[in-house]
Every structure is written in structure tokens, then in C-alpha cells.
Amino acid sequence: MTDRAGWQDAVESELRAVGRELAVPPASDLTATVRRRLADEAAGRRPTPGPGGGVFRRRLGWRAAVVVVAAMLALLIATPQGRAVIVHVFRFAGVELRQGPGPANSPTRAALPGERQTSLEQARHRVSFPILVPAALGRPGDVVVSDGGRVVSLIYRRTPHGLIRIDEFAGHLDQAYFEKFVQLSDVTRVEVNGTKGLWIKGPHDLVYITRNGTPAVASARLTTGNTLIWATRQVALRLEGNLGKAAALAVARSAR
Amino acid sequence: MRRAIDDAAAIARARGGDLDAYAVLVARYTVRAHRAAFLLGAGEESDDVVQEAFVKAFRHLSRFRAGEPFAPWLLRIVANETRNVSRSRRRRAALALRIPSAEPSSVAPGGPVDEALAAERRAWLVAAVNGLPDRERQVVVCRYFLDLSVAETAQVLAWPLGSVKSRTARALNRLRGLLVPGEQDRVTND
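A. Summary view of the overall build of chain B. Per the secondary structure count, chain B includes nine helices and zero strands. Taken over 190 residues, chain B has a buried fraction of 41%. Restricting to contacts in chain B with at least 6 residues of sequence separation, those with at least 24 account for 60%.

Written out as C-alpha cells, the structure reads:
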């Protein structure tokens, strides 16, 4: 008789691995559509099917109208093209970008939840995604696994560019891992090995988002240097350090 | 200026009619809701399902219990909407899940033969999941493809905890039968 828990674990972990690879078409951005529908509904511009619609409309009518006006003004200010509500919430590879200042930085050394120093080999067993290592930098000086294997960080202390930090996570999955507070003018699109990436010039506020969607207060900090975010099919990466765009892209391209 | 806004704060403000706050939630959970809708069988109607779910969720926000995680609560509405569209349509075959053909560059190191074998095995497993009875397939999607806990799965599918556990066990047993050579008899007996 084989160990029941043993085979169950094996099938379960295979299913999880398969789940990460399933083909799921990209989701459309529904923020603007949903918002418009709700604003119309609240303003009573359209009969609302569904339970409680009428009561809801009467109760919230004027307030929602004010919200709509305020929102339209905000839109006009935020985007001269008047194009998108998404401007202040831009999502890429598990990283959420927002305009404006972030939460107060951690008073002590900022850390991700449950940081554990480990070796590269052990880390490969602790996280559920393949860890990529840039050949251009070689073996990392430190490897840190955080939040029960949700993130792995490779730390390089002595590179020609000084300290470089690479955070890796399964960013193609659902929710956000990091929230960044940037000026959108500092963000440019780049290409890494044929896929899209983002280059963020200069330091910005950064906070880690837990599984529950809550920002981890103790992780809030100002980044150093510049940041590159990119992703492969299974893993998302953010590289942070005092290096220029060309050097960062060269490091990213060598990750395998 | 806008500061970091967590789910609880966004929900509280959305309840008061703040559509900006709700837009934050929509942006934050669209990808996750869409993945759930698609994997639970909404197919090409996934975007519509998610849109409908977000509109309904907003209408029902007063029923959301403060302090609980938003995702399972939202996903229950998504699962319900998905059931509505798949009930009014009977094209299950077209909704089979699949793995895109492997890109060699992103496959973990370990030699081409291992890679090919692993890829084959995964494709086989997906086919097996596609072939599961409806409810067992749903529970596998929730537990392993959407990474929900037993309790969250019970909430999302509106089943008792016990049903989640027993259907998960049955599904795993069936899949094991398909994956482990010499265990095929288990499947036919099941």
C-alpha cells in the first residue's frame, strides 16, 4: 500500500504546475465600462434590472451624480486625451503602477513578510515557479525567499553597478505582488527577449501586496536607482539597481 | 494625492457610492475574476461574465461582511454568472482547457528529453481534468488552478465544506488512476 498523503501531494502539485501553464486569453480592461454602467445606474439614466435596483437608485442618486461630475473632472485633469480611468491603476506582470506618493516608508529596514535567507538550490524547492538567474551577473550573493515561497529575491552586492536586487514571483497569476507609486512620465515600454517590459527611471515608492490584497506596511520603501520589470511565461521579475537602461536590458536578456 | 488604498478601505468607500474606490477594486481583481470565469467554463463570454459580476457585486456590497477577504466573495458571484451562461448554452466540448505548446526558452533546465516527457505528462493531465465529471472538474479548477483553500472553494461554489472535500478526494483518485500505470482499474470501479 502506498502512502496515501504521498500520492495525493504528488497529484496536487502536478495539478498546480499545470494550472500555471493553462492557456487563458487576456482579460479586457473593464474598469471604465463597469464604472460607466454603475454611474448610469446610480444617476437613474437607465432602468436597472436586478434586485434592489430601484431602491438603490433613489438612495444614491444625488450622491452618485456628484461622484460622476467629480470623476469626470478628475479624468480631465489626469488625462488630457480623456482616455482612461486606468491611468492611476496600471497593471503589468503582477505589478500595479499608480501616480502619486506611496504609503509612509517603513521606519525600520523595509522587509518583505517572512524573509528567509537560503541557498539558490533550496530556494528552487521552496517556490512554485522556476527561478531565473541572469548569466550576466552569475550566482547571487544572497538568496531570500519571502512570504511562504511567494517571492524570491536574488541579491548581488558587488557588481560593476553596485548593489542589484532581483525579485521574482508568479506575476502572470491574478493579483498584484507589488504596488509602485510613480510619475507615468518616468515609465517607458521596453522589450526583453521579444516580450513587453517596463523601464522606470529613478527612485519611487514601493510596497509589497500580500495574498489578501493588503499592502504590507513593513515593506514600504523608496527604491534605489532604476527599475526594470519584465516577465516570461511562468515568472515575473523586477530588477532594481544603479544601472542604466542598456545594462539592465543586457542583464534581463541573460536570465535563464 | 491618492495613497495606497487597501481592499477594506476601497470597499468601505465603494459602499458609500465612491465609484473611484470601486474602480480600484475592479482593476485589482479583473484578471483574477476573468481567469476564474474562463477556467470554470465561461469561454469567450468570460469578459461579459466578469463585467456582469462586478456590476452585481457593487449592487450587493451592503451584504459583504467587512473584514472578510474580497476575492472569494467576488468569485462566488463570478461562478454563479458563469453557471448562468453555460446553462443557456451547451457547448462544453469547445471549452476544454489546454496548455499552449511549450516555448523552449521558458522551460526549466533539465534536458530536452525530460522537458518533452514532462510536457507530455502535463498535457495528459489536462486532458484527464477535461474529462472529469462536471462537479469534480469545478472543484479541481478552484482548488488547484485558482489556488483557493477548501473553505474558499466552498464559498465560491456555494457547496458545504464536506462536499468540497469528498469531491476533491474523488477527483484526485480518478486522476491518479489515469496517471499511475497499473491503477486504471480504480477508474472503472469508481
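B. Region of interest: the confidence of the model for chain B. Residues and elements named next belong to chain B. Per-residue pLDDT for chain B has a mean of 82; in total, 77% of the residues score no lower than 70. Confidence, read as mean pLDDT per element, is least for helix 9 (residues 184–189) in chain B (38) and greatest for helix 7 (residues 150–157) (96). Predicted confidence is poor over residues 102–111, with pLDDT under 50, and the contacts of this stretch with residues over four places away or in other chains come to ten contacts. Predicted confidence for residues 181–190 stays below pLDDT 50, and this span has ten contacts to residues more than four positions away or in other chains.

C. Structural view of the pairing of strand 13 (residues 236–241) of chain A. Residue and element names in this part refer to chain A. With six of six residues buried, strand 13 lies mostly within the body of the structure. Side chains Ala236, Arg238 and Glu240 of strand 13 all project onto a buried face; the interleaved residues Leu237, Leu239 and Gly241 project onto the opposite face, where all are buried too. Pairing geometry for strand 6 (residues 162–169) and strand 13, over six bridges, is antiparallel. When the sheet's bridge partners are listed, Glu168 is paired in strand 13 with Leu237. Here strand 12 (residues 226–231) hands over to strand 13 after four residues, the two strands then running antiparallel side by side.

D. Quick look at unusual backbone geometry. Although it is not a glycine, Asn193 of chain A sits at a positive phi angle of roughly 45°. Its location among the elements puts Asn193 of chain A in the loop between strand 8 (187–192) and strand 9 (195–200). On the basis of neighbour counts, which here come to 15 C-beta atoms within 10 Å, the residue Asn193 of chain A falls in the partly exposed class. In this model, Ala158 of chain B sits at a positive phi of 60°, which is unusual for a non-glycine residue. With respect to the secondary-structure elements, Ala158 of chain B resides in the loop between helix 7 and helix 8 (161–179). Taking the C-beta count within 10 Å as the criterion, Ala158 of chain B has 11 such neighbours and is therefore assigned exposed.

E. Structural detail: the sheet that holds strand 12 of chain A. Residues and elements named next belong to chain A. If you trace the eight strands from one edge of the open sheet to the other, you get 3-4-5-6-13-12-9-8, paired in antiparallel fashion. Edge strands, defined here as strands with exactly one partner in the open sheet, are strand 3 (116–118) and strand 8. Each neighbouring strand pair of the sheet contributes to a mean axis angle of 25°, computed without reference to strand direction. Relative to strand 4 (residues 142–146), strand 3 runs antiparallel, the two sharing three bridges. Across the sheet, residue Thr118 finds its bridge partner in strand 4, namely Val143.

F. Focus on the confidence of the model for chain A. In the predicted model, chain A carries a mean pLDDT of 79, and the fraction of residues at 70 or more is 78%. Within the model, pLDDT remains below 50 along residues 47–88 of chain A, and this stretch shows 48 contacts once partners closer than five positions in the same chain are excluded.

G. Here's a closer look at the packing of helix 2 (residues 19–42) of chain B against helix 4 (residues 70–87) of chain B. Residue and element names in this part refer to chain B. One way to put it is that helix 2 packs onto helix 4 with a least axis distance of 9 Å and a crossing angle of 40°. With respect to helix 4, the axis of helix 2 lies oblique. Crossing hand, helix 2 versus helix 4: right-handed. Contact residues: helix 2 offers Leu25, Tyr29, Arg32, Ala33, Ala36, Ala37, Leu40, Gly41 and Ala42, while helix 4 offers Phe70, Ala71, Leu74, Leu75, Val78, Ala79, Thr82, Val85 and Ser86. Taken together, the residues of the contact of helix 2 with helix 4 break down into 14 nonpolar, three polar and one charged.

H. View of the pairing of strand 6 of chain A. Residue and element names in this part refer to chain A. Among the eight residues that make up strand 6, six are buried, leaving the element largely enclosed by the rest of the structure. By the bridge criterion, seven bridges tie strand 5 (residues 151–159) to strand 6 in an arrangement that is antiparallel. Bridge pairing in strand 6 links Thr159 to Gly162. The antiparallel hairpin formed by strand 5 and strand 6 contains two residues in its connecting segment.

I. Just the environment of Ala171 of chain B, in detail. On the secondary structure map, Ala171 of chain B appears in helix 8. Sequence separation between Ala171 of chain B and Val129 of chain B is 42 residues, and the spatial gap between their C-alpha atoms is 8.5 Å.

J. Local environment of helix 3 (residues 46–59) of chain B. Residue and element names in this part refer to chain B. Over its 14 residues, helix 3 runs 20 Å from end to end, which matches the ideal 20 Å to within 8%, given 1.5 Å per residue. For helix 3, the buried fraction is high: eleven of the 14 residues fall into the buried class. The complete set of buried residues in helix 3 reads Ser46, Asp47, Val49, Val50, Gln51, Glu52, Ala53, Phe54, Val55, Ala57 and Phe58.

Rules used in this analysis
Each chain has its residues counted from 1, following the order in which its sequence is written. By the order in which they are written, chains take letters starting at A while ligands take numbers starting at 1. The predicted origin of the model limits local features to residues at a pLDDT of at least 70 and limits the giving and counting of side-chain atom pairs to 80 or more, whereas totals for whole chains, interfaces and linings rest on all residues. Think of it this way: any DSSP run of H or I at least four residues long counts as a helix, any run of E at least two long counts as a strand, and we number them from the N terminus. Three classes are used. A residue is buried when 20 or more other C-beta atoms lie within 10 Å of its own, exposed when 12 or fewer do, and partly exposed in between, with C-beta atoms placed from the backbone. Whether two residues are in contact is decided by their C-beta atoms, placed from the backbone, lying within 7 Å. The predictor reports its confidence for every residue as pLDDT, a score running from 0 up to 100. Here, strands pair whenever DSSP counts at least two bridges between them. Angles shown run from 0 to 180 degrees and are taken between the N-to-C directions of axes, each axis being a line fitted to C-alpha atoms and, for helices, limited to the stretch in contact. Here is the rule for angles: anything less than 35 degrees is roughly parallel, anything more than 145 is roughly antiparallel, 65 through 115 is roughly perpendicular, and the remaining ranges are oblique. What makes a crossing left-handed is the near helix being turned counterclockwise from the far one by less than a right angle; a clockwise turn instead makes it right-handed. For this classification, the nonpolar set comprises Ala, Val, Leu, Ile, Met, Phe, Trp, Tyr, Cys and Pro, the charged set comprises Asp, Glu, Lys and Arg, and every other residue, Gly included, is treated as polar. In a helix, the anticipated span is given by 1.5 Å times the number of residues less one.

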